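# Examination of the molecular architecture
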Amino acid sequence: QGVPCAGGRRCCPRGSRCSADGESCITPPGTGWGSHVLGYTWVGAPRAIPCPDGQSECPDDATCCMTASGAWGCCPMPQASCCADKVHCCPHATVCDLARGRCLSPAGDVPMGTPFPAWKRQSPTPVTLRQVLCPDGRSACPDGATCCPLPSAQYGCCPLQNAVCCGDGQHCCPQGTTCDLEHSVCTSSGGWAQPLASLPKARDVKCDDTTSCPDGSTCCRLSSGAWGCCPMEEAVCCPDHVHCCPQGYTCDPQSSSCLEEGGSRLPWVQKTPALARGGDVRCDDTTSCPDGNTCCRTSAGTWGCCP
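Residues numbered from 1 in each chain as written. Predicted model: local features only at pLDDT ≥ 70, side-chain atom pairs only at ≥ 80, totals over all residues. Heavy atoms only, no water.

Short version of the rule: UniProt positions are given in the numbering used here, feature names are shortened, and annotations may be inferred rather than shown by experiment.
Looking up the protein in an unreviewed UniProt entry gives the name GRN protein, with the organism given as Atlantisia rogersi. In the Sequence similarities (unreviewed entry) part of its UniProt record, the protein is described as follows: "Belongs to the granulin family." According to the UniProt record, the Subcellular location (unreviewed entry) comment for the protein reads "Secreted".

The following block contains the structure:
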């Protein structure tokens, strides 16, 4: 029951309001838990709080506290005070009195709490590459588009989903319509017509002479040394060789997120393996099909290419 702040990335506890700059939560006097507290930041799963080691996390209504063993524990209170003995903790805006084993506040003393062990963070869920891979296995079109063959045997991107590819290899029409190349329109059974859509060429991003990523991606090295694809243009490759961040952000391993100069955060993105470039599929000593195809015999006994 928190209060969402402007921008959608931060929130404040119930009964408070967000400050104008979105950096703090303002609480009415007399609540007993302070006039200003820092706003929570949503990073990854909103139901867990990442601890400073970047590997442990606690429930969203708890607080990360270092334990005597050096591991992170979870104090079962939001925004708690971690006591210096690394064994106990106290509610927010109270003070640990280790000699008496109490938590001191102007409203009265309360018993100390004991942290329970934190659990290891789950690996970030890979973000689905929102692109349509064309039948050649190399080219890709934006999500919601359709791959259509060009006269050059390459693929173009029709900016329509489940589109009809026209026979001239240069245009396409919406689903359920027919290409009328003579009049340069798409016609439907209902009698309406609209101009043909042209096909921009589908491109891939070249990592090296043998590897590429779909258009709109960025080549980033994986921990294995091979190329991976970050599904964003001009992205920032993180030093862990696993994740990446949008342009203008920096990788923050401590919180497993992308940090902008202004302070806002985004979940970081996991890279996908890059695709092998080029290389035709060999049918026999004299015949081959484009990469990503399959050689199939035709009724005439010659080789054909299934895309």
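Don't stop here, the text continues.
### Section: the nonpolar core
Here is the rule: To define a nonpolar core, start from buried Ala, Val, Leu, Ile, Met, Phe, Trp, Tyr and Cys residues and group those joined through side-chain atoms within 4.5 Å. Remark: exposure states derive from per-residue accessible area (1.4 Å probe, protein chains only) relative to the maximum for the residue type, with buried under 20%, exposed over 50%, and partly exposed in between. Only heavy atoms enter the contact rule, under which two residues are in contact if any of them lie within 4.5 Å.
By size, the foremost hydrophobic cluster in this structure holds 7 residues: Cys148, Leu150, Cys158, Ala163, Cys172, Ala197 and Leu199. The residues contacting Leu199, other than those within four sequence positions of it, are Cys148, Pro149, Leu150, Cys157, Cys158, Gly169, Gln170, His171 and Cys172.

### Some words on the state of the cysteines
For clarity, the threshold we go by: By definition, disulfides here are pairs of cysteine sulfur atoms that lie within 2.5 Å. Each helix corresponds to a stretch of at least 4 residues labelled H or I by DSSP, and each strand to a stretch of at least 2 residues labelled E; elements are numbered beginning at the N terminus.
Applying the stated criterion across every chain yields a total of 16 disulfides. Between the sulfur of Cys83 and that of Cys96 lies a disulfide, 2.1 Å long from S to S. For the disulfide bridge between Cys83 and Cys96, the dihedral angle about the S-S bond is near -85°, and by the sign convention the bridge is left-handed. Of this pair, Cys83 sits in the loop between strand 11 (81-82) and strand 12 (89-90) while Cys96 sits in strand 13 (residues 95-97), and the two are 13 residues apart along the sequence. Residue Cys83 is classed as buried on the basis of its relative accessible area, which comes to 5%. With relative accessibility at 23%, the residue Cys96 sits in the partly exposed group. There is a disulfide in this structure between Cys134 and Cys147, and the S-S distance comes to 2.1 Å.

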